[in-house]
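Okay, here's what each chain looks like letter by letter:
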Amino acid sequence: SEQASNFPNEQLNLAKGWVREAGIFLRSHLDEAPQVATKSRYDDLVTNFDGQVQEELVSKILAHFPDDKILAEENGKSEPDFDLASSNFWVIDPIDGTTNFIVQKAEFAVMLAYYQAGKPQFGMILDVMADRLFWNDAEQSYCEDEALPVRWPELETSLLALNSYMFKSNANHLQELASKSLGVRNFGSAGISYVKILEGRILGYVSNLYPWDYAPGSILLSKIGFDSWTIEGDSPSLMGREKVFSGPVHLKDEVLSILSQSEL
Ligand code: 2AM
Ligand code: CA
Ligand code: CA
Ligand code: CA
(Lines give C-alpha, C1' and ligand atoms only; values in the text may rest on other atoms or scores of the structure.)
(Ligands and ions follow the chains in the order given, each with its own letter.)
Protein backbone atom coordinates (compact mmCIF):
# COMPACT_ATOMS: atom_id res chain seq x y z
CA SER A 1 0.00 0.00 0.00
CA GLU A 2 1.00 3.64 -0.38
CA GLN A 3 0.95 4.00 3.41
CA ALA A 4 3.33 1.07 3.84
CA SER A 5 5.75 2.22 1.14
CA ASN A 6 5.93 5.69 2.70
CA PHE A 7 6.55 4.29 6.14
CA PRO A 8 9.74 5.73 7.68
CA ASN A 9 11.60 2.45 8.20
CA GLU A 10 14.98 4.15 8.46
CA GLN A 11 13.76 6.34 11.32
CA LEU A 12 12.06 3.36 12.96
CA ASN A 13 15.16 1.16 12.92
CA LEU A 14 17.45 3.93 14.15
CA ALA A 15 15.02 4.88 16.90
CA LYS A 16 14.84 1.28 18.17
CA GLY A 17 18.59 1.31 18.69
CA TRP A 18 18.60 4.75 20.32
CA VAL A 19 15.82 3.86 22.76
CA ARG A 20 17.50 0.58 23.68
CA GLU A 21 20.78 2.46 24.28
CA ALA A 22 18.92 4.84 26.59
CA GLY A 23 17.62 1.82 28.51
CA ILE A 24 21.11 0.35 28.84
CA PHE A 25 22.38 3.74 30.07
CA LEU A 26 19.65 4.03 32.72
CA ARG A 27 20.00 0.45 33.95
CA SER A 28 23.78 0.81 34.21
CA HIS A 29 23.45 3.91 36.42
CA LEU A 30 20.78 2.57 38.80
CA ASP A 31 23.16 2.27 41.76
CA GLU A 32 24.00 5.98 41.45
CA ALA A 33 21.78 8.31 43.52
CA PRO A 34 20.06 10.62 41.04
CA GLN A 35 20.17 14.39 41.54
CA VAL A 36 16.51 15.25 42.11
CA ALA A 37 14.87 18.66 41.58
CA THR A 38 11.23 19.77 41.71
CA LYS A 39 9.40 21.39 38.79
CA SER A 40 5.82 22.72 39.19
CA ARG A 41 5.24 21.32 42.71
CA TYR A 42 6.74 19.08 45.39
CA ASP A 43 5.54 15.89 43.69
CA ASP A 44 6.60 16.88 40.15
CA LEU A 45 10.19 15.62 40.04
CA VAL A 46 13.04 15.60 37.54
CA THR A 47 16.55 14.12 37.75
CA ASN A 48 19.86 14.70 36.01
CA PHE A 49 19.19 11.49 34.07
CA ASP A 50 16.02 12.87 32.45
CA GLY A 51 18.00 15.68 30.83
CA GLN A 52 20.92 13.43 29.87
CA VAL A 53 18.73 10.85 28.14
CA GLN A 54 16.84 13.57 26.28
CA GLU A 55 20.04 15.30 25.10
CA GLU A 56 21.45 12.01 23.85
CA LEU A 57 18.26 11.17 21.90
CA VAL A 58 18.02 14.68 20.45
CA SER A 59 21.65 14.75 19.33
CA LYS A 60 21.28 11.33 17.62
CA ILE A 61 18.09 12.43 15.86
CA LEU A 62 19.56 15.71 14.64
CA ALA A 63 22.82 14.06 13.54
CA HIS A 64 20.78 11.88 11.13
CA PHE A 65 17.89 14.21 10.37
CA PRO A 66 19.10 17.80 10.85
CA ASP A 67 15.86 19.35 9.53
CA ASP A 68 13.56 17.36 11.84
CA LYS A 69 11.88 19.16 14.77
CA ILE A 70 11.71 18.15 18.43
CA LEU A 71 8.96 18.37 21.04
CA ALA A 72 10.27 17.05 24.36
CA GLU A 73 9.53 17.32 28.05
CA GLU A 74 12.81 18.72 29.37
CA ASN A 75 15.34 21.46 28.60
CA GLY A 76 13.04 24.07 27.11
CA LYS A 77 11.71 21.91 24.26
CA SER A 78 8.17 21.55 25.62
CA GLU A 79 6.45 24.13 23.37
CA PRO A 80 6.36 23.41 19.63
CA ASP A 81 8.22 26.17 17.73
CA PHE A 82 7.31 24.61 14.37
CA ASP A 83 4.15 23.77 12.40
CA LEU A 84 2.67 20.58 13.88
CA ALA A 85 0.51 20.08 10.77
CA SER A 86 3.34 19.93 8.23
CA SER A 87 6.68 19.19 9.94
CA ASN A 88 8.65 16.01 10.41
CA PHE A 89 9.01 15.87 14.18
CA TRP A 90 9.84 13.69 17.17
CA VAL A 91 8.03 13.75 20.51
CA ILE A 92 10.27 12.60 23.37
CA ASP A 93 9.75 11.65 27.00
CA PRO A 94 13.25 10.67 28.17
CA ILE A 95 12.03 9.10 31.43
CA ASP A 96 8.31 8.55 31.88
CA GLY A 97 7.55 7.76 35.49
CA THR A 98 10.39 9.76 36.97
CA THR A 99 8.97 9.26 40.49
CA ASN A 100 8.97 5.49 39.94
CA PHE A 101 12.54 5.75 38.62
CA ILE A 102 13.66 7.58 41.78
CA VAL A 103 11.66 5.71 44.40
CA GLN A 104 11.10 2.22 42.97
CA LYS A 105 13.82 1.87 40.33
CA ALA A 106 11.15 0.05 38.32
CA GLU A 107 8.03 0.78 36.23
CA PHE A 108 9.46 3.63 34.16
CA ALA A 109 9.82 4.02 30.41
CA VAL A 110 11.72 5.78 27.65
CA MET A 111 9.25 6.92 24.99
CA LEU A 112 9.19 8.64 21.66
CA ALA A 113 6.85 9.22 18.74
CA TYR A 114 7.63 10.17 15.15
CA TYR A 115 5.42 12.30 12.87
CA GLN A 116 6.05 12.73 9.13
CA ALA A 117 4.53 15.81 7.48
CA GLY A 118 2.40 16.15 10.62
CA LYS A 119 1.06 12.57 10.43
CA PRO A 120 1.70 10.05 13.23
CA GLN A 121 3.97 7.20 12.04
CA PHE A 122 5.29 5.24 14.98
CA GLY A 123 5.42 5.22 18.73
CA MET A 124 7.98 3.52 20.91
CA ILE A 125 7.83 2.61 24.60
CA LEU A 126 10.71 0.83 26.31
CA ASP A 127 9.78 -0.68 29.66
CA VAL A 128 13.32 -0.11 30.92
CA MET A 129 13.59 -2.63 33.76
CA ALA A 130 11.76 -5.38 31.86
CA ASP A 131 13.86 -4.43 28.79
CA ARG A 132 10.84 -4.84 26.55
CA LEU A 133 10.34 -2.60 23.53
CA PHE A 134 6.88 -1.78 22.19
CA TRP A 135 6.83 -0.34 18.64
CA ASN A 136 4.74 -0.33 15.48
CA ASP A 137 5.02 -0.47 11.73
CA ALA A 138 2.38 0.67 9.24
CA GLU A 139 0.07 -2.24 10.07
CA GLN A 140 0.68 -3.60 13.54
CA SER A 141 2.09 -2.96 16.99
CA TYR A 142 4.62 -5.29 18.55
CA CYS A 143 6.19 -6.21 21.86
CA GLU A 144 9.72 -7.11 20.78
CA ASP A 145 9.02 -9.41 17.78
CA GLU A 146 5.52 -10.45 18.79
CA ALA A 147 2.60 -8.78 16.99
CA LEU A 148 -0.14 -7.59 19.36
CA PRO A 149 -3.70 -8.64 18.57
CA VAL A 150 -6.70 -6.34 18.11
CA ARG A 151 -8.98 -6.57 21.17
CA TRP A 152 -12.58 -5.67 22.04
CA PRO A 153 -12.66 -5.68 25.86
CA GLU A 154 -15.74 -4.67 27.86
CA LEU A 155 -15.76 -2.46 30.97
CA GLU A 156 -17.56 -4.97 33.20
CA THR A 157 -14.81 -7.57 32.78
CA SER A 158 -11.76 -5.24 32.65
CA LEU A 159 -9.48 -3.10 34.79
CA LEU A 160 -8.96 0.64 34.27
CA ALA A 161 -5.80 2.67 34.85
CA LEU A 162 -6.46 6.06 36.45
CA ASN A 163 -4.14 8.98 37.18
CA SER A 164 -3.81 9.49 40.93
CA TYR A 165 -3.76 13.33 40.68
CA MET A 166 -7.15 13.34 38.95
CA PHE A 167 -8.50 10.78 41.36
CA LYS A 168 -7.46 12.95 44.32
CA SER A 169 -8.83 16.23 42.93
CA ASN A 170 -12.30 15.26 41.63
CA ALA A 171 -13.22 11.64 41.79
CA ASN A 172 -17.00 11.81 41.27
CA HIS A 173 -17.34 10.75 37.67
CA LEU A 174 -14.09 8.84 37.66
CA GLN A 175 -15.69 6.81 40.43
CA GLU A 176 -18.82 6.36 38.32
CA LEU A 177 -16.65 5.06 35.49
CA ALA A 178 -14.59 2.98 37.89
CA SER A 179 -17.73 1.43 39.37
CA LYS A 180 -18.68 0.08 35.92
CA SER A 181 -15.31 -1.67 35.67
CA LEU A 182 -13.83 -4.67 37.45
CA GLY A 183 -11.38 -2.40 39.30
CA VAL A 184 -8.85 0.39 38.99
CA ARG A 185 -5.06 0.47 39.02
CA ASN A 186 -2.53 3.30 39.19
CA PHE A 187 0.91 2.67 37.73
CA GLY A 188 2.59 6.08 38.14
CA SER A 189 3.71 6.04 34.52
CA ALA A 190 1.71 6.81 31.40
CA GLY A 191 4.04 4.61 29.37
CA ILE A 192 3.64 1.61 31.65
CA SER A 193 -0.14 2.16 31.60
CA TYR A 194 -0.09 2.07 27.76
CA VAL A 195 2.04 -1.09 27.86
CA LYS A 196 -0.58 -2.75 30.07
CA ILE A 197 -3.32 -1.76 27.60
CA LEU A 198 -1.29 -3.07 24.65
CA GLU A 199 -0.83 -6.38 26.47
CA GLY A 200 -4.55 -6.68 27.24
CA ARG A 201 -4.09 -6.38 31.01
CA ILE A 202 -5.89 -3.04 31.28
CA LEU A 203 -8.85 -1.75 29.24
CA GLY A 204 -7.99 1.94 29.20
CA TYR A 205 -6.35 4.91 30.90
CA VAL A 206 -7.78 8.23 32.09
CA SER A 207 -5.24 10.91 32.85
CA ASN A 208 -4.13 14.54 32.54
CA LEU A 209 -1.29 14.30 30.08
CA TYR A 210 1.26 16.19 28.01
CA PRO A 211 1.90 15.25 24.35
CA TRP A 212 5.02 13.21 25.21
CA ASP A 213 2.93 11.22 27.71
CA TYR A 214 0.16 10.15 25.31
CA ALA A 215 1.59 10.41 21.76
CA PRO A 216 3.75 7.24 21.69
CA GLY A 217 1.13 5.06 23.38
CA SER A 218 -1.72 6.47 21.30
CA ILE A 219 0.02 5.60 18.02
CA LEU A 220 0.75 2.08 19.29
CA LEU A 221 -2.88 1.68 20.40
CA SER A 222 -4.21 2.79 17.01
CA LYS A 223 -2.97 -0.53 15.56
CA ILE A 224 -5.04 -2.68 17.96
CA GLY A 225 -8.42 -0.94 17.62
CA PHE A 226 -7.85 1.63 20.36
CA ASP A 227 -7.34 5.41 20.33
CA SER A 228 -7.08 8.47 22.58
CA TRP A 229 -9.58 11.30 22.96
CA THR A 230 -10.01 14.42 25.01
CA ILE A 231 -13.02 14.46 27.32
CA GLU A 232 -14.81 16.40 24.54
CA GLY A 233 -14.20 13.48 22.16
CA ASP A 234 -11.57 15.19 20.00
CA SER A 235 -8.10 13.98 19.07
CA PRO A 236 -5.60 15.42 21.57
CA SER A 237 -3.91 18.48 20.01
CA LEU A 238 -0.23 18.02 20.96
CA MET A 239 -0.55 21.54 22.45
CA GLY A 240 -0.04 21.53 26.21
CA ARG A 241 -1.68 19.35 28.83
CA GLU A 242 -5.06 17.71 28.21
CA LYS A 243 -7.40 15.32 29.97
CA VAL A 244 -7.23 12.20 27.86
CA PHE A 245 -9.06 8.87 27.73
CA SER A 246 -7.21 6.10 25.90
CA GLY A 247 -9.22 2.96 25.26
CA PRO A 248 -11.07 0.78 22.74
CA VAL A 249 -12.82 2.62 19.90
CA HIS A 250 -16.07 0.72 20.49
CA LEU A 251 -16.28 2.14 24.05
CA LYS A 252 -15.49 5.78 23.15
CA ASP A 253 -19.07 7.08 23.47
CA GLU A 254 -19.92 5.07 26.59
CA VAL A 255 -16.83 6.21 28.50
CA LEU A 256 -16.80 9.83 27.34
CA SER A 257 -20.50 10.27 28.14
CA ILE A 258 -19.62 9.48 31.77
CA LEU A 259 -16.44 11.56 31.90
CA SER A 260 -17.89 14.59 30.11
CA GLN A 261 -20.36 15.17 32.96
CA SER A 262 -17.48 15.73 35.36
CA GLU A 263 -15.31 18.71 36.17
CA LEU A 264 -12.05 16.80 36.12
P1 2AM B 1 6.68 11.93 33.98
O2 2AM B 1 7.16 10.94 34.97
O3 2AM B 1 7.38 11.88 32.65
O4 2AM B 1 6.63 13.33 34.51
C5 2AM B 1 2.26 9.79 36.70
O6 2AM B 1 2.87 10.78 37.40
C7 2AM B 1 2.36 9.97 35.20
O8 2AM B 1 1.86 11.28 34.83
C9 2AM B 1 3.75 9.91 34.63
O10 2AM B 1 3.65 9.30 33.37
C11 2AM B 1 4.18 11.35 34.54
O12 2AM B 1 5.17 11.56 33.57
C13 2AM B 1 2.88 12.00 34.15
N14 2AM B 1 2.75 13.41 34.49
C15 2AM B 1 2.29 14.35 33.66
N16 2AM B 1 2.29 15.53 34.26
C17 2AM B 1 2.77 15.37 35.52
C18 2AM B 1 2.99 16.25 36.62
N19 2AM B 1 2.75 17.57 36.55
N20 2AM B 1 3.49 15.73 37.74
C21 2AM B 1 3.77 14.42 37.83
N22 2AM B 1 3.56 13.55 36.81
C23 2AM B 1 3.06 14.01 35.66
CA1 CA C 1 8.06 15.03 34.45
CA1 CA D 1 5.74 11.48 31.09
CA1 CA E 1 9.35 12.47 31.78
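Residues numbered from 1 in each chain as written. Chains lettered and ligands numbered in written order. Predicted model: local features only at pLDDT ≥ 70, side-chain atom pairs only at ≥ 80, totals over all residues.

Quick notes on the overall build of the protein chain
Counting its secondary structure elements, the protein chain contains nine helices and 14 strands. What you see for the protein chain is a C-alpha radius of gyration of 17 Å, in line with the 18 Å of a compact globule of 264 residues. C-alpha atoms of the protein chain, sized along the principal axes, occupy 50 × 50 × 35 Å. Within the protein chain, the fraction of its 264 residues that count as buried is 39%. In the protein chain, the proportion of contacts linking residues at least 24 apart, taken out of those at least 6 apart, comes to 60%. (Helix = DSSP H or I, 4+ residues; strand = E, 2+ residues; numbered from the N terminus. Rg over C-alpha atoms; globule rule 2.2 N^0.38 Å. Buried ≥ 20, exposed ≤ 12 C-beta atoms within 10 Å, placed from the backbone. Contact = placed C-beta atoms within 7 Å.)

Describing the environment of alanine 37
Its place among the elements puts alanine 37 in strand 1 (residues 36-38). Residue classification places alanine 37 among the exposed residues on the basis of 12 C-beta atoms within 10 Å. C-alpha of alanine 37 to C-alpha of asparagine 48: the two residues are eleven residues apart in sequence and 8.5 Å apart in space.

Some details on the sheet that holds strand 10 (residues 159-162)
Backbone hydrogen bonds are what pair the strands of a sheet, in a parallel or an antiparallel way. Overall, mixed pairing links the five strands, which are arranged 11-10-12-14-13 in an open sheet. Strand pairing shows two members of the sheet lacking a second neighbour, strand 11 (183-185) and strand 13 (226-230), which therefore form its edges. Going across the sheet, the axis of each strand differs from the next one's by a mean of 20°, ignoring polarity. Two strands pair when backbone bridges link them, and strand 10 and strand 12 (residues 204-209) are joined in this way by three bridges, in the parallel orientation. Paired with leucine 162 across the strands is valine 206, a residue of strand 12. (Pairing = 2+ DSSP bridges. Axes fitted to C-alpha atoms, helices over the stretch in contact; angles between N-to-C directions.)

Structural notes on the UniProt feature "binding site: Mg(2+)" (unreviewed entry) in the protein chain
In the numbering used here, UniProt assigns the "binding site: Mg(2+)" (unreviewed entry) feature to Glu73, Asp93, Ile95, Asp96 and Asp213. With the annotated positions falling across 141 residues, the maximum pairwise C-alpha distance of 10.1 Å places them together in a single cluster. Take glutamate 73: it is sitting in the loop between strand 3 (69-72) and strand 4 (89-96). Sequence-distant contacts of glutamate 73, defined by excluding residues within four places in its chain, comprise Ser78, Asp93, Pro94, Tyr210 and Trp212. Its place among the elements puts isoleucine 95 in strand 4. Among all residues touching isoleucine 95, those that are not within four sequence positions of it are Phe49, Asp50, Val53, Phe101, Phe108 and Val110. (UniProt positions renumbered as here; feature names shortened; annotations may be inferred.)

A closer look at the domain arrangement of the protein chain
Accessible area lost upon the coming together of the parts serves often as the stated size of an interface. Per the domain assignment, the segments making up the protein chain are domain 1 (2-147) and domain 2 (155-259). Of note, the centres of domain 1 and domain 2, computed from C-alpha atoms alone, are 20 Å apart. In this assembly, 30 residues from domain 1 lie in contact with 22 residues from domain 2. Broken down by secondary-structure element, the contributors of at least two residues to the side of domain 1 that touches domain 2 are strand 3, strand 4, helix 4 (98-103), strand 5 (109-116), strand 6 (119-127), strand 7 (132-136) and strand 8 (141-143). Per element, the largest residue contribution to the side of domain 1 that touches domain 2 is six residues, and it comes from strand 6. (Domains from an automatic or database assignment.)

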